[in-house]
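This is what each chain is made of:
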Amino acid sequence: MSRVMRRSTPRFKQWLTSAFRGTVMGLLALGALVGCSPVDPEPESAGTQTLTKLITAEQYGNSLAYIFGSGIDAQVRFAPVARNEGLLANSLASAGVSVGQVQTIQGVASSVAKQVMDIENRNHLVACRPESIDSPDEACATQFVSKIGRLLFRRALTDDEIATFVGQASAAVKELDGKELDGEKLDGFYAGLEVVLEGLLIHPEVLFIVESAEPDPNNPEQLRLDAHSLASRLSFFLWNASPDDELLMAAENGELQSPGGVERAVGRMLESPRLVDGMRAFFDDMLVFDEFKTLSKDATIYPEFTSVTAQDAREQTLRTIIDHTLNKDEDYRDLFTSRSTFMSPALAIMYGVPAQPGWAPYTFPEDSPRSGLLTQVSFLSLTSHPGRSSVTLRGMALRERLLCQTVPEPPPGIDFSVLTNPDANYPTQRQRVAAHLETPSCAGCHRITDPIGLSLEQFDGAGGYRLTENGATIDATGSLDGIEFDGAIGLGEALSQNPALPQCLVRRVYSYATGGPPENDARAALNYFNEDFAAQGYQLRNLLRTIALSKAFSLIKNSPSEEERLLATTSSR
Amino acid sequence: MTHFWPGTTGSQVRTFALFIITLAAAGAATAELPEPYQKDGRIGYVLTRKAWVIYEAGGVEAQCPEGLNASGVRQQFADLFPMDGDEQWTVRETRLMREGRMWHPETSEESFPYLDAQGEVAYGLNLDGKVDPDDFRSPDGIEGIDNQLQRAIGCTPGWRSDGQFVHFESLFAIGHSYNRWMIELSGVDDLSNDDDVTVTTYRGLDDLFTDATGDGFIAGGSQRVDARWGQNFVEEVKGKIVDGVLTTEPVKVARIPWAMRFVGYYDVLDFQLQLKLTPESAEGIFAGYVNAEQWTNRLNRNWGSHHQSYGTVSSASEYRAMRRLADAYPDPETGANTAISGAAEIELTQVYILHPSEQ
């Protein structure tokens, strides 16, 4: 620079000096701007795959309730899917629909369509009035099909699609003209709409959530969910239902993916009462509460445990979780030590306390042996046999459902007779399961499950409290990952301090949000979510926000080969 | 009428003691009140079964050697107004007349035979403190048992243990919360032996909890006291627990809800309880006198003609029998007794009773 200055004319020197100053100032200003702009703390993420997922019965029902109101009775039952890495939601992308299921869904669709077009409902569910009730009305049919079709398909219907459906409605009006059903004359126009609505309700695009990607304008090499797919992913994640009108509109007019758009949408969704439906569905899945549908206890051993008890036990835990995490925004980990819950009369029998009719907040007293979710009837009864408690099932459930650990299946050829036909000299479970630890092929796994379950032995197979078993005092000492304690309250405290507890929730929430188990390359994102969750006081709502707004949630991988996908899936397990 | 504790005769003491010993031998005795079923010396029970009780050991042959009453309302109507002749009947002189007999019963003689139950044994209590010739002996050998109701209804199929009333009255008691009747023991130090407890009766508001078999009832449920419409069902009386058996002093009038589809109750006069107690349940009897007119009125309100007929019951005939056998509460003008002694077999299950201040 100095050599150039020496060899230049004065005028050039002046220009060069001012140019240099300007450049320096510009660089400084640029540096200042860079320094002031927010740095995205989320690590780079490859994102996830686009998926085509089967809608769940609950999602279908919730969506119909939003579109048509809760007055429409839609008894939706879909065939169960297999649990994959802790969640049913992880299997929806590989679930299909059999012919039998289609018939079942068609039955629901037919019932819903009939109710919507019933004279008691159609005046408020069909916004327009036909010119004549006996003949086609394309304008009114178009209005209805466009509005309902958009909400059901989670996107605006194309003109061709609308024309096809309206044409079908008109054709049905003519075909059904003058006919009767169950002795009643069909109202032509509405009968036509009923036929079309039934068809819409079982349309593949309604039953399957089809995600699609587009290049990210900020990085054309990178794919992201398109606006409608992002809206659907957010809505099914947070509300367990299709996007509402406002979210669809944001997707349609570009607002959703404009600067700050997704933040506004997620903020609104997190404040909506519909978040409760979404999180109830998530925790129901994570805690394996679908097993309540088939849970039964031996009525001669646990006569007090009825189907109402099972139903209320599930409800109690879900109410407790929602109140703790969403209503009070409290630390997720404290769910396992909190004495606050809700009580119903049927459930109060199990807890040996009085109860008012209906559900009411309830706090277990300080001298109660119960505190936290592990001491609720739901966890205790679900993780027991029909006629007895199970230290192994309880320990395994805690590890797999709450800590996201895998307990291997028992090796083949195990002799269970020592447990099923116990020596009468061994009155308590502790003495009976000691056999586990004496057998080398059993001991490896049972060492990580049984000490947990033994600390819950003061609760029988139905969740009732007891101090003795077969006349012998129960020793409820146990341990979890090196921490020793006496009884269920100690277990709850140890679990709440276990670092794997919040990490497991993060992993499950992210899986649930994106529709599949996290692949290996999601590790950095999961670490970021874990740190953020801890920094924000382990508050669920903040975790949901962080994940919903993350790149790991909305970015899409660039079509990996099937081989890579398989490899990634396998190694993530 | 008698007072149960003061002025008790020697024979009463002996019979009572015998009764208690017998029940205690059945294994009712328990130790101290266990948690969580009692709190502050209180324990509540809710009624889960009730039926006017007839001693049926030995079968029909033993109590009804001449057979069972066979003419219910419809049979009587058919006998009175045969339709196979030429005679023409008016509605007024047939249906309305018989309807009137049901709702305004008479004690005049009637042409239909009515069979009283025979025998010397009956469930119940010695309500008047006497051992009269027409009194019964309890199954445990206690003399002086007052239960003339057994004579009046014991040979009528509808009232026997396999009759429809026993089944349906309990079914309705279970299924209709109007019929929810509860007792609460307070001041209980020991559920096996306590010579001074207070028993309060209430009407409850809530459903019962059946167990997983659907047949039994679960202890530990909750029942709110009906403080608004249930005041007439509240009575308080002292009692004693001896070897696990509670016996109360008499209550002048205790109102027991007893409705089928319609509102109804019985006012039981000189009402007493004798119950075998456990922390989870109570079973035994209540005994007392029932006014014959009220009994008939309740029968007609709860059970229509067809129900009465398939139990071969005719309330008009039954009323005559009840008045003939009535053994207490004489009419001040005529001197004829108006109320009949009887007993009901009852079963109760422990509940937490929620008083208005706790609701």
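Residues numbered from 1 in each chain as written. Chains lettered and ligands numbered in written order. Predicted model: local features only at pLDDT ≥ 70, side-chain atom pairs only at ≥ 80, totals over all residues. Heavy atoms only, no water.

A. Representation of the environment of Asp118(A) in the model. Residues and elements named next belong to chain A. Turning to its location among the elements, Asp118 is positioned in the loop between helix H4 (99–116) and helix H5 (122–125). Asp118 gets classed as partly exposed once you look at its relative accessible area, which sits at 32%. Placed 69 residues apart in sequence, Asp118 and Asp187 show a C-alpha to C-alpha distance of 9.7 Å. (Helix = DSSP H or I, 4+ residues; strand = E, 2+ residues; numbered from the N terminus. Buried < 20%, exposed > 50% of the residue type's maximum accessible area, 1.4 Å probe, protein only.)

B. Up close: unusual backbone geometry. Residue and element names in this part refer to chain A. Its identity as a non-glycine residue notwithstanding, Glu85 has a phi of 40°, on the positive side. Positionally, Glu85 belongs in the loop between helix H3 (57–68) and H4. In this structure, Asp329 is a non-glycine residue whose phi angle is positive, near 50°. You can see Asp329 is positioned in the loop between helix H14 (307–327) and strand E7 (340–343).

C. Examining the packing of aromatic side chains more closely. Applying the stated criterion across every chain yields a total of 32 aromatic pairs over all chains. Pairing Phe237(A) with Phe553(A) gives two aromatic rings, centres 5.8 Å apart and planes at 40°, and the pair type is tilted. Of this pair, Phe237(A) sits in helix H10 (residues 227–238) while Phe553(A) sits in helix H25 (residues 551–554), placing them 316 residues apart in sequence. Consider the rings of Tyr332(A) and Phe336(A), whose centres lie 5.8 Å apart with planes at 85°: the pair is edge-to-face. The class of Tyr332(A) is buried, set by a relative accessible area of 2%. Given the relative accessible area of 2%, Phe336(A) is considered buried. The rings of Trp52(B), Trp159(B), Phe165(B), Phe168(B), Trp181(B), Trp258(B), Tyr266(B), Phe271(B), Phe286(B), Trp295(B) and Trp303(B) are connected pair by pair, giving a single aromatic cluster. The ring of Tyr265(B) carries Arg298(B) above its face, with NZ or CZ at 4.5 Å from the centroid. (Phe/Tyr/Trp six-rings, centres within 6.5 Å; stacked < 30°, edge-to-face > 60°. Lys NZ or Arg CZ within 6 Å of the ring centre and 35° of its normal.)

D. Spatial organisation of the state of the cysteines. Scanning the entire structure with this criterion turns up 3 disulfides over all chains. Between Cys128(A) and Cys140(A) runs a disulfide, and the two sulfur atoms are separated by 2.0 Å. Its torsion about the S-S bond being 90°, the disulfide of Cys128(A) and Cys140(A) is classed as right-handed. On the criterion of sequence distance, the pair formed by Cys128(A) in the loop between H5 and helix H6 (138–153) and Cys140(A) in helix H6 is long-range, its members being 12 residues apart. Its relative accessible area of 10% is what places Cys128(A) among the buried residues. Across the disulfide from Cys64(B) sits Cys155(B); the S-S distance is 2.0 Å. Looking along the S-S bond of the Cys64(B)-Cys155(B) disulfide, the torsion reads about -100°, which is the left-handed sense. Highlighted residues: Cys64(B) in the loop between helix H2 (59–63) and helix H3 (73–80) and Cys155(B) in the loop between helix H5 (148–153) and helix H6 (164–175), separated in sequence by 91 residues. Comparing Cys64(B) with Cys155(B), the two get one shared label, buried. Numbered by position along the chain, the disulfide-linked cysteines of chain A connect as 1-2, 3-4. (Disulfide = S-S within 2.5 Å.)

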